[in-house]
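Residues per chain are reported as follows:
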Amino acid sequence: MKKTLTAVAIGLTILLGVNIVSNYIYTRIDLTEDNRYTLSTSALNTVEEFANPVIIDVLLDGDLPAEFVKLKSETKQILEEFAAKNNVIKFNFVDPLKDTSNAEAVMAELQQLGLTPANVTVEENGKMSQEFVFPWAMINYNNKTTKVALLKNKLGSTTEERVTNSVQQLEYSFANAFSKLTIKEKKRIAVLKGNGELEDIYLADYLSSIKDYYNIGAITLDSVATNPQQTLDQLNAYDLALIAKPTEAFSDEEKYLLDQYITQGGKSIWLIDKVNIELDSLFNEEGKSLAFPRELNLTDFFFKYGVRINPVLLKDIYASQIVLANGEGNNSQYNPVPWPYNPMVFSRNDHPINNNLEALRFQFANTIDILDNNAYKKNILYYSSPLSTVVGTPNIISLDIINQSPNKAEYTNGNKALAVLIEGEFNSVYTNRVKPLQLKNSIEKGPENKMLIIADGDIVKNQIRNGRPLELGYDKWTNNFYGNKEFMVNSINYLLDDSGLINIRTKKVGIPFLDQEKISTQKTKWQLINILLPLTLTLIIGILFNYYRKRKYGK
């Protein structure tokens, strides 16, 4: 008896000690093979400054399809890791369609907030059904709200692949949203004007998407001729310059001013069309138009950075669609048809900018040659498909091509560079050259810098409906979505990211899923095993135990 009491006392003492220590020492151990619950330092830093409660409503609850149950579970694990870093973070899962009598009104309200549902096909017992799921989270902090898309769509992906892609991005998606809520000093972006760039309404959705991260202003280069130093000083107040589809040539003075802005550390994104052709110009009686080179006076400028944009048009068998009308008046029919001059370009998932993105839509894209004339690091972010080719200019572009089946023998000049990221310590383009004007504190070699060049000015252009801009990447004619918006947002975040937060996008995780085919074909077998086996074992153990008792106590 004394030994028993001593053992109980020791056990209680140990238990009490463990509880006391646990109040002061807290740790979580990630035992997953891919360390998917181990958050990066840059992600954890985004929640350190939260002082007031952060409330996160995750719209994933209720009777969810199996794959979304997995997404819910992974989301919960990630949020628990963030909450372990800062206990002001509170989250809960809600079912927005719980009240079935009001489901349509709730869906309409959610879509007005920009929360688009996922239409999921569910197969159970050989029957197919459609269900709507809203894979979104809403983060509320200090009267500010930001939304987080939990589901990553990629063309042709199965539901399992979509969920895996989504889980890979959870850490970045939440960390990025947290950083938006705590940002104190925004970096500045200059939208260049004065050389026939895209009008504001065509940039509206993109600029609206990044305004939570950055302050945006317009800078015109017209004043370079009268007061170049003041123009450079104004431009140097910005961290990045966006040059979106210029259509008028740059003067040597303007080029030198931009050269000094870049050499002195300014980031830049160049969206260039070297060929003059628009789809609208084909909608005439003849259905054709002349495509001819556009002179922007930038060839020598880009040459110094090791690239050359060619005044050609890319044709690709993997292309997005345009809509053409057949018939007249009320009898008109609108049919989507593949348009080879609108390449649909897929990511190779080899960089934080392009990792896990939906296909992009290019329009009348040119091609880029990579030159080995400097030591700058060049990453080709996007290529055309292997089944593509180029068309020289000037040339007549006709709608008649849609009535012809593509001849694969002609599409053998593929894998052309379309978007190139350049990094390094940039030298002045005007080194050992006569300067077109004098600027104060001009330099020949600059600090570490980044530049993105894309051979398509329309990649950032949103469509318009009833005078209002639509979402970038959405095609109102075919009702398709492309990844242009996320690509452009990722690009600017990468160029201006000092914390390394966007590098989280390269994280790879593996999510195991049940084999639905085996579940369907072997359902009865496993049901019998799970039900009959325990009963049989219980019966056998009972018989043996009863036999043992009779043997021992029967006498």
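Here is a short report on the structure shown in this document. (Residues numbered from 1 in each chain as written. Predicted model: local features only at pLDDT ≥ 70, side-chain atom pairs only at ≥ 80, totals over all residues. Heavy atoms only, no water.)

### Topic: the overall build of the protein
Cut-off, in case you're wondering: Secondary structure counts use DSSP, requiring at least four H or I residues in a row for a helix and at least two E residues in a row for a strand, with both numbered from the N terminus. Here the term buried applies to any residue with accessible area under 20% of the maximum for its type, exposed to any over 50%, and partly exposed to those in between, with areas from a 1.4 Å probe on protein chains only. It only takes one pair of heavy atoms within 4.5 Å for two residues to be counted as in contact. All accessible-area figures derive from a Shrake-Rupley calculation using a 1.4 Å probe, and residue coverage is judged against the displayed protein chains alone.
When you go through the protein residue by residue, the secondary structure sums to 12 helices and 27 strands. Counting the 555 residues in the protein, one finds 46% classified as buried. Taking contacts inside the protein between residues at least 6 apart in sequence as the whole, the part at least 24 apart equals 77%. Only carbon and sulfur atoms are counted for the fraction: they give 52% of the accessible area of the protein, which is about 29300 Å².

### Overview of the nonpolar core
Put simply, the rule reads: Remark: nonpolar core denotes a set of buried residues (Ala, Val, Leu, Ile, Met, Phe, Trp, Tyr, Cys) joined through side-chain atoms within 4.5 Å.
With 76 residues, the main nonpolar core has Ile56, Phe82, Phe174, Tyr206 and Phe487 as its most contacted residues. The dominant element in this core, judged by the number of residues it contributes, is helix 5 (residues 159-182), at 9 residues. In this structure, Phe487 is in contact with Ile353, Leu357, Leu360, Leu381, Tyr382, Ala419, Leu452, Ile454 and Ile459, ignoring residues within four places of it in sequence. One finds Ile272, Val307, Ile380 and Val429 within the second-largest nonpolar core, a separate group that totals 39 residues.

### Some remarks on the sheet that holds strand 12 (residues 288-293)
Rule in force here: Strand pairing is assigned whenever DSSP identifies at least 2 bridges connecting the two strands.
Strand order in the open sheet made by the 3 strands is 11-12-21, with antiparallel pairing throughout. At either margin of the open sheet sits one strand with a lone partner, and together these are strand 11 (275-276) and strand 21 (395-398). The sheet contact formed by strand 12 and strand 21 spans 4 bridges and is antiparallel. Within the sheet, the bridge partner assigned to Lys288 lies in strand 21 and is Ser398.

### Structural notes on the packing of helix 7 (residues 228-236) against helix 8 (residues 252-263)
Threshold: For helices, the fitted axis covers only the stretch in contact; all axes are lines through C-alpha atoms, and the angles between them, taken along N-to-C directions, range from 0 to 180 degrees. The crossing is said to be left-handed when, going from far helix to near helix, the turn is anticlockwise and less than a right angle, and right-handed when the turn is clockwise. Side-chain classes follow a simple rule in which Ala, Val, Leu, Ile, Met, Phe, Trp, Tyr, Cys and Pro form the nonpolar group, Asp, Glu, Lys and Arg form the charged group, and the remainder, Gly included, forms the polar group.
Taken N-terminus to C-terminus, the directions of helix 7 and helix 8 make an angle of 35°; their axes are 10 Å apart at the nearest point. For the crossing formed where helix 7 meets helix 8, the hand is right-handed. Along the contact surface, helix 7 presents Pro228, Thr231, Leu232, Leu235 and Asn236, while helix 8 presents Leu257, Leu258, Gln260 and Tyr261. Broken down by class, the residue content of the contact of helix 7 with helix 8 amounts to 6 nonpolar, 3 polar and no charged.

### Digging into the sheet that holds strand 16 (residues 333-345)
On the basis of which strands lie adjacent, the open sheet formed by 3 strands has the order 15-16-17 and antiparallel pairing. Strands at the two margins of the open sheet, each flanked by one partner only, are strand 15 (319-326) and strand 17 (360-361). Where strand 15 and strand 16 come together, 7 bridges link them in antiparallel fashion. Bridge pairing in strand 16 links Ala325 to Tyr334.

### Considering the pattern of salt bridges
Selection criterion: When a carboxyl oxygen of Asp or Glu lies within 4 Å of a side-chain nitrogen of Lys or Arg, that pair is called a salt bridge.
Enumeration according to the criterion identifies 19 salt bridges in this entry. The salt bridge involving Asp212 is made with Lys211; its shortest N-O contact spans 4.0 Å. With a relative accessible area of 36%, Asp212 lands in the partly exposed category. When the shortest N-O distance is used, the salt bridge between Glu471 and Lys485 registers 3.6 Å. Note that Glu471 is positioned in the loop between strand 25 (468-469) and strand 26 (474-475) and Lys485 in helix 10 (residues 484-496), a separation of 14 residues in sequence.

### Section: the packing of helix 6 (residues 200-210) against helix 10
Put simply, the test is: Each angle is binned into one of four classes, with values under 35 degrees roughly parallel, values over 145 roughly antiparallel, values of 65 to 115 roughly perpendicular, and all other values oblique.
Interhelical geometry of helix 6 versus helix 10 gives an angle of 50° and a closest axis separation of 10 Å. Between helix 6 and helix 10, the interaxial angle falls into the category oblique. Judged by the sense of rotation from one axis to the other, the crossing of helix 6 with helix 10 is right-handed. Packed against helix 6, whose contacting residues are Asp205, Tyr206, Ser209 and Ile210, the element helix 10 presents Lys485, Met488, Val489 and Ile492 at the interface.

### Topic: the side chain of Asp316
Threshold: Charge assignment: positive for Lys and Arg, negative for Asp and Glu; neither His nor the chain ends contribute.
By the secondary structure assignment, Asp316 is in strand 14 (residues 313-316). Although Asp316 lies buried, it forms no salt bridge, and the closest oppositely charged side chain, Arg348, sits 9.8 Å away as judged by the N-O distance. If we ignore the near neighbours within four places in the chain, the residues touching Asp316 are Pro340, Pro343, Ser384, Ser385, Leu387, Ser388 and Tyr411.

### Side note on the environment of Ala218
The topology assignment puts Ala218 in strand 8 (residues 214-220). Residue classification places Ala218 among the exposed residues on the basis of a relative accessible area of 55%. With 25 residues separating them in the primary sequence, Ala218 and Lys193 have C-alpha atoms 6.8 Å apart. Ignoring sequence-local partners within four residues, the contact set of Ala218 consists of Val191 and Lys193.

### Digging into unusual backbone geometry
What you tend to see is this: most non-glycine residues have negative phi, and most peptide bonds are trans. The step from Thr393 to Pro394 runs through a cis peptide bond, and the omega angle for that step is 5°. Among the structural elements, Pro394 can be located in the loop between strand 20 (388-391) and strand 21. One non-glycine residue with positive phi stands out, namely Asn142, at about 50°. Locating Asn142 in the fold gives a position in the loop between strand 5 (136-141) and strand 6 (144-149). The phi torsion at Asn143 lies on the positive side, around 65°, for a residue other than glycine. Within the fold, Asn143 resides in the loop between strand 5 and strand 6.

### What to know about a nonpolar patch on the surface
Going by this rule: Like charges within 9 Å and nonpolar side chains (Val, Leu, Ile, Met, Phe, Trp, Tyr) within 5 Å are joined into patches, using only residues over 30% in relative accessible area that form no salt bridge.
Residues Leu528, Ile531, Leu532 and Leu535 make up a contiguous nonpolar surface patch of roughly 400 Å² in combined accessible area. Topologically, Leu532 is positioned in helix 12 (residues 523-553). You can call Leu532 partly exposed: its relative accessible area is 46%.

### Observations regarding empty space enclosed by the protein
The condition is simple: Put plainly, a pocket is an open set of points on a 1 Å grid over the protein atoms alone with protein on both sides within 12 Å along at least five of seven lines, a cavity is a set where a 1.4 Å probe fits but cannot get out, and a lining residue has an atom within 4 Å of a point. Grid points are joined across faces, edges and corners, and a volume is the space filled by probe spheres set on the points.
Counted by the stated rule, this structure contains 3 cavities of 30 Å³ or more. Estimated volume of the largest cavity: approximately 60 Å³. Together, Arg361, Gln363, Asp458, Ile459, Lys461, Asn462, Gln463, Glu471, Leu472, Gly473, Tyr474 and Asn484 line the largest cavity. Split by residue class, the lining of the largest cavity holds 3 nonpolar, 5 polar and 4 charged.

### Some details on the packing of aromatic side chains
For clarity, the threshold we go by: Each Phe, Tyr or Trp ring (for Trp, its six-membered ring) is paired with any other whose centre lies within 6.5 Å, and the angle between the two planes then decides the class: stacked below 30 degrees, edge-to-face above 60, tilted in between.
Under the criterion given, the structure shown has 20 aromatic pairs. Between Tyr256 and Tyr430, the aromatic rings sit 5.1 Å apart at their centres with planes inclined by 80°, giving edge-to-face as the arrangement. One end of the pair, Tyr256, is in helix 8; the other, Tyr430, is in the loop between strand 22 (417-427) and strand 23 (445-454), with 174 residues separating them in the sequence. Grouping residues by exposure puts Tyr256 and Tyr430 together as buried. Where Trp270 meets Phe301, the ring centres are 5.4 Å apart and the plane angle is 55°; that geometry is what we call tilted. Pair noted here: Trp270 is in strand 10 (residues 267-271) and Phe301 is in helix 9 (residues 299-303), with a separation of 31 residues, a long-range link.

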